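Here's the letter readout for the chains.
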Amino acid sequence: MTDRQITMLHALGAFYLRIGDADRALAVTAAAFEAAPRRPGLAATLIRCYVVAGEGGGALALLDRMDFADADDGERRALALLRSQSLWLAGRKAEARLLRASLLPAAPDRVDGAVR
């Protein structure tokens, strides 16, 4: 498969995801990923496809397999949110809650009802 074909399948998968057709999104994105498994952006789209399709196990397997070392802070937070959603879908709700809680900003300190 050519680079252009992979890019087109990735774009088509993202389009299907946006219009709510998770099954088609998963199918075409998985085909693109099979041809180019080292593309982090493609992997992130495939993980989102798994989550939207309700397949937490597939998303977790891919999250565990991929190397997102070059991801910036925003991308890491997005991936952590996807992991939390994947854990929830896979029935690992306590782990999902803990991870989700770690992503929330800390509550401000309060003294006598006033915020410090």
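Residues numbered from 1 in each chain as written. Predicted model: local features only at pLDDT ≥ 70, side-chain atom pairs only at ≥ 80, totals over all residues. Heavy atoms only, no water.

Chemist: For this particular structure, what's the right way to read the layout of surface pockets?
Modeler: A water-sized probe, rolled over the atoms, reveals where empty space remains. Estimated volume of the largest pocket: approximately 230 Å³. As for the largest pocket, its lining consists of 13 residues, and the residues nearest its centre are Pro40, Phe68, Ala71, Glu75 and Leu79. Broken down by secondary-structure element, the contributors of at least two residues to the lining of the largest pocket are α3 (40-52) and α5 (73-89). Taken together, the residues of the lining of the largest pocket sort by class into eight nonpolar, one polar and four charged. (1 Å grid on protein atoms, 1.4 Å probe; cavity = no way out; pocket = protein on both sides within 12 Å on 5 of 7 lines; lining within 4 Å. Points joined across faces, edges and corners; volume = space filled by probe spheres on them. Helix = DSSP H or I, 4+ residues; strand = E, 2+ residues; numbered from the N terminus. Nonpolar A, V, L, I, M, F, W, Y, C, P; charged D, E, K, R; others polar.)

Chemist: Hey, could you run me through the nonpolar core in this one?
Modeler: Across soluble globular proteins, you tend to see nonpolar side chains buried next to one another. Phe33, Ile47, Leu62 and Phe68 are the most contacted members of the largest nonpolar core, which totals 24 residues. Taken together, the elements giving at least two residues each to this core come down to α1 (3-18), α2 (22-35), α3, α4 (56-65) and α5. Take this core: its biggest share by element is seven residues, from α3. Every residue in contact with Phe33, bar those within four places of it in the chain, is listed here: Leu42, Ala43, Leu46, Leu62, Arg65 and Met66. (Core = buried A, V, L, I, M, F, W, Y, C linked by side-chain atoms within 4.5 Å. Buried < 20%, exposed > 50% of the residue type's maximum accessible area, 1.4 Å probe, protein only. Contact = heavy atoms within 4.5 Å.)

Chemist: I tried to follow α2 on my own but got confused; where do I start?
Modeler: Given 3.6 residues per turn, any residue in an α-helix points the same way as the ones three and four places further on. With 14 residues, α2 should reach 20 Å at 1.5 Å per residue; the first-to-last C-alpha distance of 20 Å fits that figure. Taken together, the buried positions of α2 are Ala22, Ala25, Leu26, Val28, Thr29, Ala32 and Phe33. Buried residues along α2 sit in contact with α1, α3 and α4. (Expected span 1.5 Å × (residues − 1).)

Chemist: Help me understand the packing of α1 against α2 in this model?
Modeler: What describes two packed helices is the angle between their axes and the distance between those same axes. Two elements in contact, α1 and α2, have axes whose closest approach is 8 Å; the angle formed by their N-to-C orientations is 155°. Overall, the two elements α1 and α2 adopt an arrangement that is roughly antiparallel. Once α1 is placed against α2, the crossing between them reads as left-handed. Note on element contacts: α2 touches α1 through Arg24, Ala25, Val28, Thr29, Ala31, Ala32 and Ala35, opposite Ile6, Leu9, His10, Leu12, Gly13, Tyr16 and Leu17. Here the residues of the contact of α1 with α2 are counted per class, giving 10 nonpolar, three polar and one charged. (Axes fitted to C-alpha atoms, helices over the stretch in contact; angles between N-to-C directions. Parallel < 35°, antiparallel > 145°, perpendicular 65-115°, else oblique. Left-handed = near helix turned anticlockwise from the far one by under 90°.)

Chemist: Even after reading the chapter, I still don't get the packing of aromatic side chains, so can you show me in this structure?
Modeler: For any pair of aromatic rings, the description consists of the separation of the ring centres together with the inter-plane angle of the planes. One pass over the structure, following the stated rule, counts one aromatic pair. On the basis of an interplanar angle of 50° and a centroid distance of 6.0 Å, the ring pair of Phe15 and Tyr16 is categorised as tilted. Residue classification places Tyr16 among the buried residues on the basis of a relative accessible area of 17%. (Phe/Tyr/Trp six-rings, centres within 6.5 Å; stacked < 30°, edge-to-face > 60°.)

Chemist: Looking at this structure, how should I read a nonpolar patch on the surface?
Modeler: A cluster of nonpolar side chains, Leu12, Phe15 and Ile19, forms an exposed patch at the surface whose accessible area comes to about 270 Å². Mapped onto the elements of the fold, Leu12 is located in helix α1. (Patch = residues over 30% accessible without salt bridge, like charges linked within 9 Å, V, L, I, M, F, W, Y side chains within 5 Å. Areas by Shrake-Rupley, 256 points an atom, 1.4 Å probe, with all protein chains shown as cover. Salt bridge = Lys/Arg side-chain N within 4 Å of Asp/Glu carboxyl O.)

Chemist: Help me out: how do you make sense of the pattern of salt bridges in this one?
Modeler: Any two side chains of opposite charge can pair, given that their charged atoms come close. One pass over the structure, following the stated rule, counts five salt bridges. Salt-bridge contacts for Asp73 lead to Arg76; the nearest nitrogen and oxygen are separated by 3.7 Å. Taken as a pair, Asp73 and Arg76 lie in helix α5 at a separation of three residues, close to a single helical turn. Judged by its relative accessible area of 59%, Asp73 is exposed. Among the residues examined, Arg76 registers a relative accessible area of 41% and is labelled partly exposed.

Treat this as a map of the structure, not an account of what it does.
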